[in-house]
Amino acid sequence: MGPTTRRLLLILLPAFAFVALLALGLMKAPPTEIAAGSPAPDFSLELLQGGEFSSDDLEGHPVVLNFWASWCVPCRDEVPALERAWREFRDDGLIIVGVNIRDASSDAERFVAEYDVTYPVIRDEELRLARKLGVVGVPETYFIDDEWKFVTTLAGARQGTEQGTVVLGPISEDALLDNIAVLLRRAGSPR
């Protein structure tokens, strides 16, 4: 092989590799579309502070599942509203669950301490639950009724990518509270 052929290969090989990776990415199945009224998946994951937590622990309760990561700025913007909602509506049966993904355990623990998060936080290190739900990025929030059926999903507009993960904007506190009100009405709560 001559020097010209080697140079040509050095130029074309990365281009072919890029095109192959792009084609692979385009051929991957799109995220699962969650239809309102469809059953939420069962799961069993580890709590951030240790111990197991599963969908069985949520039986009969309206649930807000919020996927987040400590390095995600919109997650930081959103968590105070989630904590306020948890404190206000937990006596009505609402359960808010933080689902930490793509994060070091120590960073997640610092985040929970910094924002005084008191609702349950689980770790989805292998993204099993995230994949079942078709999570696009963080933060992303799922609303599930007391019969373990999806009501809706909320996420802000795409803001970019960080650490290989799509970063979405925070949902508004009004949108959070409106969807919680729907969950509580379906569950027959007096609110």
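Please read all numbers here as calculations on a predicted model, not as lab measurements. What you see as residue numbers is a count from 1 along each chain, following the sequence as written. Per-residue local features are limited, in this predicted model, to residues with pLDDT of at least 70; the limit for side-chain atom pairs, both in listing and counting, is 80 or more; totals at the level of whole chains, interfaces and linings are taken over all residues. Only heavy atoms go into the side-chain values, all of them from the structure, while hydrogens and water stay out.

## A look at the state of the cysteines
In a disulfide, the sulfur atoms of two cysteines are covalently bonded to one another.
Right, on to step 1. The rule for a disulfide is simple: a pair of cysteine sulfur atoms within 2.5 Å. Taken as a whole and assessed by the stated rule, the structure comprises 1 disulfide.
Right, on to step 2. Two residues, Cys72 and Cys75, share a disulfide whose sulfurs are 2.5 Å apart. Its S-S torsion of approximately 80° makes the covalent link between Cys72 and Cys75 right-handed.
Right, on to step 3. Exposure remark for Cys75: the relative accessible area of 3% places this residue in the buried category. Only protein chains enter the calculation, and the probe is 1.4 Å; a residue is then buried if its accessible area is under 20% of its type maximum, exposed if over 50%, and partly exposed in between.

## Quick look at the packing of helix H2 (residues 73–89) against helix H5 (residues 173–186)
The relative placement of two packed helices is expressed as an angle between their axes plus a distance between the axes.
Right, on to step 1. H5 packs onto H2 with a crossing angle of 30° between their chain directions and a minimal axis gap of 10 Å. Taken together, H2 and H5 sit at an angle that is classed as roughly parallel. Crossing geometry of H2 relative to H5 is assigned as right-handed. On H5, the residues that touch Ala81, Leu82, Arg84, Ala85 and Phe89 of H2 are Glu173, Leu176, Leu177, Ile180 and Leu184.
Right, on to step 2. Each residue is assigned to one class: nonpolar for Ala, Val, Leu, Ile, Met, Phe, Trp, Tyr, Cys and Pro, charged for Asp, Glu, Lys and Arg, and polar for all the others, Gly among them. Each residue belonging to the contact of H2 with H5 can be placed in one class, and the counts come to 8 nonpolar, no polar and 2 charged. For every element, the axis is a line fit to its C-alpha atoms; helices are fit only across the contacting stretch, and the angle between N-to-C directions ranges from 0 to 180 degrees. Secondary structure elements follow DSSP: runs of H or I of four or more residues count as helices, runs of E of two or more count as strands, with numbering from the N terminus. Angles are sorted into four bins: roughly parallel if under 35 degrees, roughly antiparallel if over 145, roughly perpendicular if 65 to 115, and oblique for all others. A crossing counts as left-handed when the near helix is turned anticlockwise from the far one by less than a right angle, and as right-handed when that turn is clockwise. By definition, residues are in contact when any of their heavy atoms lie within 4.5 Å.

## What to know about the sheet that holds strand E1 (residues 44–47)
Strand pairing within a sheet occurs via backbone hydrogen bonds; the two strands may be parallel or antiparallel.
Right, on to step 1. DSSP bridges decide pairing: two strands pair if at least two such bridges lie between them. Across the sheet, 7 strands lie side by side as E2-E1-E5-E4-E3-E7-E8; this open sheet has mixed pairing. In the strand order of this sheet, the two ends are held by strand E2 (52–54) and strand E8 (150–154), each with one partner. This sheet shows a mean twist of 30° between the axes of neighbouring strands, independent of strand direction.
Right, on to step 2. Most of the contacts of H5 go to E8, to which it runs at about 175°, and overall it touches strand E3 (63–68), strand E7 (140–144) and E8.

## What about the side chain of Asp103?
Right, on to step 1. Within the secondary structure, Asp103 sits in the loop between strand E4 (95–100) and helix H3 (105–114).
Right, on to step 2. The positive count covers Lys and Arg only, the negative count covers Asp and Glu only, and His and the chain ends enter neither. Whenever Lys or Arg places a side-chain nitrogen within 4 Å of a carboxyl oxygen from Asp or Glu, that contact is recorded as a salt bridge. We note that Asp103 is buried and unpaired, the nearest opposite charge coming from Arg123 at a distance of 5.5 Å.
Right, on to step 3. When residues no more than four places from it in sequence are discounted, the contact partners of Asp103 are Trp68, Ala69, Ser70, Trp71, Ala108 and Arg123.

## As for the packing of aromatic side chains
Right, on to step 1. What counts as a ring pair is set by centres within 6.5 Å for rings of Phe, Tyr and Trp (its six-membered ring), and what kind of pair is set by the plane angle: stacked under 30 degrees, edge-to-face over 60, tilted for all other angles. Throughout the structure, instances matching the rule amount to 5 aromatic pairs.
Right, on to step 2. Residues Phe43 and Trp148 carry aromatic rings whose centres are separated by 6.4 Å and whose planes lie at 40° to one another, so their mutual orientation is tilted. Here Phe43 is found in the loop between helix H1 (3–27) and E1, whereas its partner Trp148 is found in the loop between E7 and E8, with 105 residues between them in sequence.
Right, on to step 3. Here the aromatic rings of Phe111 and Tyr115 are separated by 4.9 Å at their centres, their planes lie at 40°, and the arrangement is tilted.
Right, on to step 4. In this structure Phe111 comes out as buried when scored by relative accessible area, which is 1%.
Right, on to step 5. Grouped by ring-pair contacts, the aromatic residues Phe67, Tyr142 and Phe150 constitute a single cluster.

## Concerning a negative patch on the surface
Right, on to step 1. Residues enter patches when they are more than 30% accessible in relative terms and free of salt bridges; like-charged ones are connected within 9 Å and nonpolar ones (Val, Leu, Ile, Met, Phe, Trp, Tyr) within 5 Å. Shrake-Rupley sampling with a 1.4 Å probe provides the accessible areas, and residues are treated as covered by the protein chains on show and by no other component. Here the site of a charge means atom NZ of a Lys, CZ of an Arg, CG of an Asp or CD of a Glu. Taken together, the side chains of Asp42, Asp56, Asp57 and Glu59 make up a negatively charged region of the molecular surface.
Right, on to step 2. Residue placement: Asp42 occurs in the loop between H1 and E1.

## Considerations on the environment of Leu127
Right, on to step 1. Tracing the sequence through the fold places Leu127 in the loop between strand E5 (121–123) and helix H4 (128–133).
Right, on to step 2. Residue Leu127 is classed as buried on the basis of its relative accessible area of 9%.
Right, on to step 3. Residues Leu127 and Val99 lie 28 residues apart in sequence; the distance between their C-alpha atoms is 9.8 Å.

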